[in-house]
Amino acid sequence: MSLGVLRNRNLSFYLSARFLGTLAVQMQSVAVGWQVYQITQSLFDLGLIGLAQFAPFLALILWAGHVADTHNRRTIILLCMCTQLLCSLLLVGFTLSGSHVVWPVFAILVLYGSARAFMMPASQAVLRNLVPTQDFSQAVALSSSTFHVAVIAGPVLGGLLYVFGPNVVYTVSSVLLALSVLLMAATKSAPQVMNKAPVSWHTLLEGLRFVWSRPIVLGAISLDLFAVLFGGATALLPAYAHDVLAAGPTGLGLLRTAPGAGAALCSILLAFFPIRRKVGAWMFGGVALFGLATVTMGLTSSFAIALAALFLLGAGDMVSVYVRHLLVQYETPDEIRGRVSAVNSVFIGASNELGEFESGLTASWFGLVRAILLGGAATLVVTGTWMKLFPVLSRMDRFPHHEAEEAARKAG
């Protein structure tokens, strides 16, 4: 397979902007988690980091989906990147103040979560406006690859730079975010189908009605929601590195980067060898691997085994994400793509940020290791349950889009 799609100038600029922005956010994530845990020594506060980002996200996401369908998606992404830059600069100011009260960090994360609410639907939908249909599946894989390369490098860089203090991490992140803003400003998207319906509960809920009417789409995104909601232990990694593995911030950076490394390698393979058959089996297998890797992580005190488990966790998650993203985007008309992406973003945000809060809460109740083990076991239970609830999804052989193309080819 050729990578000629990268000759598309706007796609290349967009991927570069997204890469630098993700790199900066991942660096900050390591620094925020470690800084808050150093100040408070509280597992519950680690969970609050996720909740602070998810609460505004949940409040704004349906409106954000409507905005993504009624306004230029590239402009929305640009404004959100500017807000992320502001958040990074505020973290610099917090660290320079020498404060040992962490509520300002949570306030900054609320602002970040608000920007993320508007950015996610626009980012998920804009890719179809940057490349022709025949290049879309390749663009999805390349987008995932660049994203996960940033997820690999960001935590490592954040952990290494944290040795010199959190302020250094936040300053470097600010520079990277400024560059991402410039690149996004130079990106131009193709005209999108604008939905000019006035905002109302009917239009806001259009995406939710669409998802509910498509069992395949509903099953795919709800599987990810509940599997990662219960199984995600990322929020606990600062405590896991410190208390179980006796590792410092550099070790934490390596642990944070391992899932991204697994996901990046998997996404590169998917770019060259896309999934075309046994789609449902691949997706459920990826989620099951995520759960098994989480259980392994909870059973070990070996740094090397924990790294390997997190690597496999990321690879399994990438397979699920790839299948889900293609299903949602192929099935959705462009005029409601933002609102459907908003619903998908709610499920993703709930599984990630709310999952982090759930992990912190259960860890404060049952202990760190028990919380990780319970989460992994719950993911496996969800996988089996969803195979029974959505048999059409578990037995799916091809993407519906590919089935239609194959039927048209035979008819022609």
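What counts, and where the lines are drawn
Residues numbered from 1 in each chain as written. Predicted model: local features only at pLDDT ≥ 70, side-chain atom pairs only at ≥ 80, totals over all residues. Heavy atoms only, no water. Helix = DSSP H or I, 4+ residues; strand = E, 2+ residues; numbered from the N terminus. Buried < 20%, exposed > 50% of the residue type's maximum accessible area, 1.4 Å probe, protein only. Contact = heavy atoms within 4.5 Å. Areas by Shrake-Rupley, 256 points an atom, 1.4 Å probe, with all protein chains shown as cover. Expected span 1.5 Å × (residues − 1). Bend = angle between axes of the 7 residues up to and from the residue. Phe/Tyr/Trp six-rings, centres within 6.5 Å; stacked < 30°, edge-to-face > 60°. pLDDT = per-residue confidence, 0-100. Axes fitted to C-alpha atoms, helices over the stretch in contact; angles between N-to-C directions. Parallel < 35°, antiparallel > 145°, perpendicular 65-115°, else oblique. Left-handed = near helix turned anticlockwise from the far one by under 90°. Nonpolar A, V, L, I, M, F, W, Y, C, P; charged D, E, K, R; others polar. Patch = residues over 30% accessible without salt bridge, like charges linked within 9 Å, V, L, I, M, F, W, Y side chains within 5 Å. Salt bridge = Lys/Arg side-chain N within 4 Å of Asp/Glu carboxyl O. Disulfide = S-S within 2.5 Å.

Caption draft 1: Structural context of the overall build of the protein. Regarding its fold elements, the protein presents 17 helices and zero strands. A total of 412 residues make up the protein; the buried ones form 58% of that total. Sequence separation of 24 or more characterises 89% of the internal contacts of the protein that already satisfy a separation of 6 or more. For the protein, the computed accessible surface area is about 16,100 Å², with 70% contributed by carbon and sulfur atoms.

Caption draft 2: The environment of Ala293, seen in detail. For Ala293, the position within the fold is in helix α12 (residues 279-299). Given the relative accessible area of 5%, Ala293 is considered buried. The spatial distance from the C-alpha of Ala293 to the C-alpha of Leu313 is 5.3 Å, given a sequence separation of 20 residues. With residues near it in sequence (within four places) discarded, Ala293 still touches Ala309, Leu312 and Leu313.

Caption draft 3: Focus on helix α11 (residues 249-272). With 24 residues, α11 should cover 34 Å at 1.5 Å per step; its first-to-last C-alpha distance of 35 Å lies within 8% of that length. At Thr257, α11 shows its strongest bend, of approximately 30°, with the proline Pro259 following within four residues. Where burial is concerned, most of α11 is hidden: 17 out of the 24 residues are buried.

Caption draft 4: Looking closely at the packing of aromatic side chains. All chains considered together, the criterion is met by three aromatic pairs. When the centroid spacing of 6.3 Å and the interplanar angle of 35° are considered together, the rings of Trp386 and Phe390 count as tilted. Given a relative accessible area of 14%, Phe390 falls into the buried group.

Caption draft 5: Structural view of helix α3 (residues 73-97). The end-to-end C-alpha distance of α3, which contains 25 residues, comes to 36 Å, matching closely the 36 Å that a straight helix rising 1.5 Å per residue would cover. Trailing α3 by a residue or two, Gly98 shows a phi angle of about 70°, which is positive.

Caption draft 6: Local environment of the environment of Asp69. Mapping Asp69 onto the fold places it in helix α2 (residues 43-70). Asp69 gets classed as buried once you look at its relative accessible area, which sits at 0%. Taking the C-alpha atoms as reference points, Asp69 and Ala122, separated by 53 residues in sequence, lie 8.3 Å from one another.

Caption draft 7: Broad picture of the confidence of the model for the protein. In the predicted model, the protein carries a mean pLDDT of 79, and 83% of its residues have values of at least 70. Element-level pLDDT for the protein is lowest in helix α17 (residues 400-411), with a mean of 50, against a maximum mean of 94 in helix α6 (residues 166-185).

Caption draft 8: Expanded view of the packing of helix α1 (residues 9-40) against α6. In contact at an axis separation of 8 Å, α1 and α6 are set at 160° when each is read in the N-to-C sense. Here α6 runs roughly antiparallel to α1, going by the angle between their axes. The crossing of α1 and α6 is left-handed. Of the residues belonging to the contact of α1 with α6, the class tally is 18 nonpolar, six polar and no charged.

Caption draft 9: Spatial organisation of the side chain of Thr383. Checked against the element boundaries, Thr383 lands in helix α15 (residues 368-389). In this structure Thr383 touches Leu223, Phe284, Val287 and Ala288, once residues within four positions along its chain are discounted.

Caption draft 10: Inspection of the packing of α1 against α11 at higher detail. At their nearest, the axes of α1 and α11 sit 11 Å apart, and the two run at 130° to each other. Regarding the angle of α1 to α11, the classification is oblique. Here α1 and α11 pass one another in a crossing that is right-handed. Between α1 and α11, the contacting residues are Gln26, Ser29, Val30 and Trp34 on the first element and Pro249, Leu252 and Arg256 on the second.

Caption draft 11: Summary view of the side chain of Thr95. With respect to the secondary-structure elements, Thr95 resides in helix α3. We classify Thr95 as buried; its relative accessible area is 17%. Thr95 has contacts with Gln35, Pro166, Asn167 and Tyr170, leaving out every residue within four places of it along the chain.

Caption draft 12: Fine view of the environment of Gly260. Structurally, Gly260 can be placed in helix α11. Considering only alpha carbons, one finds Gly260 and Phe147, 113 residues apart in sequence, at a separation of 8.6 Å.

Caption draft 13: Structural detail: a nonpolar patch on the surface. On the surface, a cluster of nonpolar side chains totalling about 710 Å² of accessible area is made up of Leu265, Ile268, Leu269, Phe272, Phe273, Leu289, Phe311 and Leu312. Sorting the residues of the nonpolar patch by element identifies α11 and α13 (303-331) as the ones contributing at least two each. If you trace the backbone, Leu269 turns up in helix α11.

Caption draft 14: Structural view of the state of the cysteines. Tallied over the entire structure, the rule returns zero disulfides. Looking at Cys80, it has no disulfide partner, and the nearest cysteine sulfur is the one in Cys82, 9.1 Å off.

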